[in-house]
Amino acid sequence: MDHFQYKNGVLHAEDVALADIVAQVGTPFYCYSTATLTRHYQLFTEALSPMPHLVCFAIKSLSNIAVLKVLADLGAGMDVVSAGEYARARAAGVPGDRIVFSGVGKTRDEMRMALTGGIRQFNVESEPEMRALSQVATALGKVAPITIRVNPDVDAKTHEKISTGKKGDKFGIPISRAREVYAEAATLPGLKIIGIDVHIGSQLTSLDPFEAAYLKIADLTQQLRADGHTIDRLDLGGGLGIPYARDNNAPPLPSDYGAMVKRTVGHLGCEIEIEPGRLISGNAGILVSQVIYVKNGDDRDFLIIDAAMNDLIRPAMYGSHHDIIPLNEPPAGADQQPFDIVGPICESGDTFAKSRNLPEMTEGALIAFRSAGAYGAVMSSEYNSRPLIPEVLVRGDHFAVIRARPTLDEMLARDTIPEWL
Ligand SMILES: *Cc1c(COP(=O)(O)O)cnc(C)c1O
């Protein structure tokens with residue numbers, strides 16, 4: 001369920017006609033719905049409500065500060081993976097004690113920044129990182145609260161590029177070595193062990209891999225407690241998938257996920273943290289684009305549009321599907337024809353969809369990519385010197401540009417020509 005629907009034949013974001021945003025902002029642009037962000041966050045807090053919990057939004061999925069503020073104002077925590085994301089969380093008004101620091105390669109500078117600014121916990125991913133963090137914390141006269149990310153060796157059954165919980169993946173420490181690594185952590189003066197962390201992948205469409213992982217975490221909790229460690233908090237990661245195609249089998253609901261969490265780890269009395277990204281932001285955003293040309297090829301017709309792989313890389317990178325719909329609702333039963341929908345970049349990978357059925361399309365027609373809120377704007381680049389596209393946030397009947405389209409001069413101003421050239 002999202003808030004991008006046709007009303008009187010034109011696509012709206014909540015109560016705003018997208019054509020009105022096009023008129024002010026131009027195309028292409030990303031548009032996010034406050035109501036959808038709120039609803040998805042609340043689905044998680046409700047699903048976990050029988051247990052003490054904190055829902056930490058994975059900033060990497062959608063990191064605009066205005067979006068973060070929507071969630072922060074609802075009480076959300078944030079999961080950050082870099083100094084930049086930490087700074088964004090703070091700029092959105094998130095207190096340090098609601099920020100969790102994840103990632104396999106935290107630098108000492110990043111550790112210092114978070115320890116000084118305030119942090120809920122570090123999710124430590126390796127022994128060298130653990131030792132470095134202890135040194136940095138000790139030098140600052142602080143103690144870093146930590147969980148250790150364990151790799152439970154379960155197959156998340158998702159795209160290989162976003163599967164993270166199998167033996168051989170670069171993430172966490174093998175669960176078989178967890179007791180040994182916790183034992184060392186307990187000896188390091190700058191660390192305070194508070195719990196366990198696990199994250200097995202993204203866009204999971206079944207609860208089974210989560211359940212397998214969480215059962216292992218429940219066992220490990222008891223072993224580590226028996227070893228004398230304090231395990232009060234379980235960070236269960238993100239990864240719940242969303243329906244990208246409307247005709248798809250729907251992935252599990254947050255409520256089913258919450259019930260499974262309670263069943264697998266609820267009896268341990270731990271505070272539960274989760275780090276959803278995609279499920280909160282994915283269907284809360286669309287990408288709006290315009291047809292530049294309709295090109296009739298030998299054996300197919302192309303829609304050449306003004307968005308490209310630099311703006312939305314998921315189809316090129318993961319072969320992902322996005323539903324694509326016209327801003328003007330086609331009449332019921334209107335004829336459809338297949339198009340290859342492509343961007344202007346000189347790479348065959350700059351293809352959003354092949355043989356996709358759409359009603360008649362003409363130059364200037366406006367279309368929307370659905371489910372583009374997560375891993376859309378954040379993964380964009382300026383490839384082909386195409387400036388980053390704007391982001392717009394809607395609430396009810398008003399909207400605001402929350403990241404403006406840079407001018408060409410602003411883009412060029414970041415380059416400098418050395419004096420000696
Ligand atoms: C990517 C990531 C997430 C968020 O994953 P989603 O699939 O967007 O929910 C959460 N935690 C960690 C450690 C991640 O790397």
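Residues numbered from 1 in each chain as written. Predicted model: local features only at pLDDT ≥ 70, side-chain atom pairs only at ≥ 80, totals over all residues. Heavy atoms only, no water.

Helix and strand content of the protein chain: 12 helices and 21 strands. Its C-alpha atoms give the protein chain a radius of gyration of 23 Å, within 12% of the compact-globule value 22 Å for 421 residues. Principal-axis analysis of the C-alpha atoms places the extent of the protein chain at approximately 70 × 60 × 40 Å. Counting only residues that meet the buried cut, the protein chain has 54% of its 421 residues in that class. Long-range pairs, those at least 24 residues apart, make up 70% of the contacts in the protein chain with a sequence separation of at least 6. Just so you have it, the protein chain exposes about 18100 Å², and 50% of that area is on carbon and sulfur atoms. When the 40 positive and 52 negative side-chain charges of the protein chain are each reduced to one mean point, those points stand 6 Å apart. (Helix = DSSP H or I, 4+ residues; strand = E, 2+ residues; numbered from the N terminus. Rg over C-alpha atoms; globule rule 2.2 N^0.38 Å. Buried < 20%, exposed > 50% of the residue type's maximum accessible area, 1.4 Å probe, protein only. Contact = heavy atoms within 4.5 Å. Areas by Shrake-Rupley, 256 points an atom, 1.4 Å probe, with all protein chains shown as cover. Lys, Arg positive; Asp, Glu negative; His and termini not counted. Charge placed at Lys NZ, Arg CZ, Asp CG, Glu CD.)

Quick look at the domain arrangement of the protein chain now. Domains assigned within the protein chain are domain 1 (4-31 + 283-412) and domain 2 (103-274). Computed from C-alpha coordinates alone, the two centres of domain 1 and domain 2 are separated by 36 Å. With 11 residues of domain 1 in contact, the opposing surface of domain 2 contributes 9 residues. Taken over both partners, the interface formed by domain 1 and domain 2 buries close to 880 Å², and the fraction arising from carbon and sulfur atoms is 45%. At the junction of domain 1 and domain 2, the tally comes to 0 salt bridges. Among the elements that take part in the side of domain 1 that touches domain 2, helix H11 (residues 314-318) stands out by supplying 3 residues, more than any other. (Domains from an automatic or database assignment. Buried area = accessible area lost by both parts, 1.4 Å probe. Salt bridge = Lys/Arg side-chain N within 4 Å of Asp/Glu carboxyl O.)

Across its 14 residues, helix H2 (residues 34-47) extends 20 Å between first and last C-alpha, which sits within 8% of the 20 Å expected from 1.5 Å per residue. Buried within H2 are the following residues: Thr34, Thr36, Leu37, Thr38, His40, Tyr41, Phe44, Thr45 and Ala47. Taking the backbone nitrogen of alanine 35 as reference, a side-chain oxygen 3.3 Å away marks serine 33 as the first, capping residue of H2. (Expected span 1.5 Å × (residues − 1). Polar contact = N/O pair within 3.5 Å; in protein donor to acceptor, adjacent residues only side chain to side chain.)

Going through the model one piece at a time under the given rule, you end up with 21 salt bridges. Here aspartate 2 and arginine 370 are joined by a salt bridge, their closest N and O atoms 2.5 Å apart. Taken as a pair, aspartate 2 in the segment before strand E1 (4-7) and arginine 370 in the loop between strand E19 (366-369) and strand E20 (391-395) lie far apart in primary sequence, 368 residues in all. Grouping residues by exposure puts aspartate 2 and arginine 370 together as buried. Of the charged contacts, one joins glutamate 127 and arginine 177 as a salt bridge, the two residues approaching to 2.8 Å between their closest N and O atoms.

The residues that UniProt annotates with the feature "modified residue: N6-(pyridoxal phosphate)lysine" (unreviewed entry) are Lys60. Among the secondary structure elements, lysine 60 is positioned in the loop between strand E5 (53-58) and helix H3 (65-73). Residue lysine 60 is classed as partly exposed on the basis of its relative accessible area, which comes to 39%. Excluding its chain neighbours within four sequence positions, the residues that come into contact with lysine 60 are Val81, Glu85, Tyr375 and Val378. (UniProt positions renumbered as here; feature names shortened; annotations may be inferred.)

This part takes up the nonpolar core. Judged by nonpolar contacts, the single largest core of 99 residues is most densely connected at Met78, Phe122, Tyr214, Leu234, Leu236 and Tyr257. Sort the elements by how many residues they give to this core and helix H8 (residues 208-226) lands first, with 7 residues. When residues of this core are assigned to domains, at least three fall in each of domain 1 (4-31 + 283-412) and domain 2 (103-274). Residues contacting leucine 236, with those up to four places away along its chain left out, are Val198, Tyr214, Tyr257, Val261, Val265, Ile272, Glu273 and Ile274. (Core = buried A, V, L, I, M, F, W, Y, C linked by side-chain atoms within 4.5 Å.)

Here arginine 120 shows up in the loop between helix H5 (108-117) and strand E8 (121-124). Setting aside its immediate chain neighbours within four residues, arginine 120 contacts Leu54, Gly96, Asp97, Arg98, Ile99, Val100, Pro145, Ile194, Arg233, Glu271 and Glu273.

Not every one of the 14 residues close to the ligand is listed here, only the nearest: Lys60, Ser202, Glu275, Arg278 and Tyr375. Here serine 202 contributes a side-chain N or O atom positioned 2.3 Å from an oxygen atom of the ligand. Within the contact set of the ligand, an oxygen atom lies 2.9 Å away from a backbone nitrogen or oxygen of glycine 277. Summarising the interface, the protein chains cover 93% of the accessible area of the ligand, which totals 390 Å² for the free molecule. Partitioning the shell around the ligand into residue classes produces 3 nonpolar, 6 polar and 5 charged. (Near = heavy atom within 4 Å. Nonpolar A, V, L, I, M, F, W, Y, C, P; charged D, E, K, R; others polar.)

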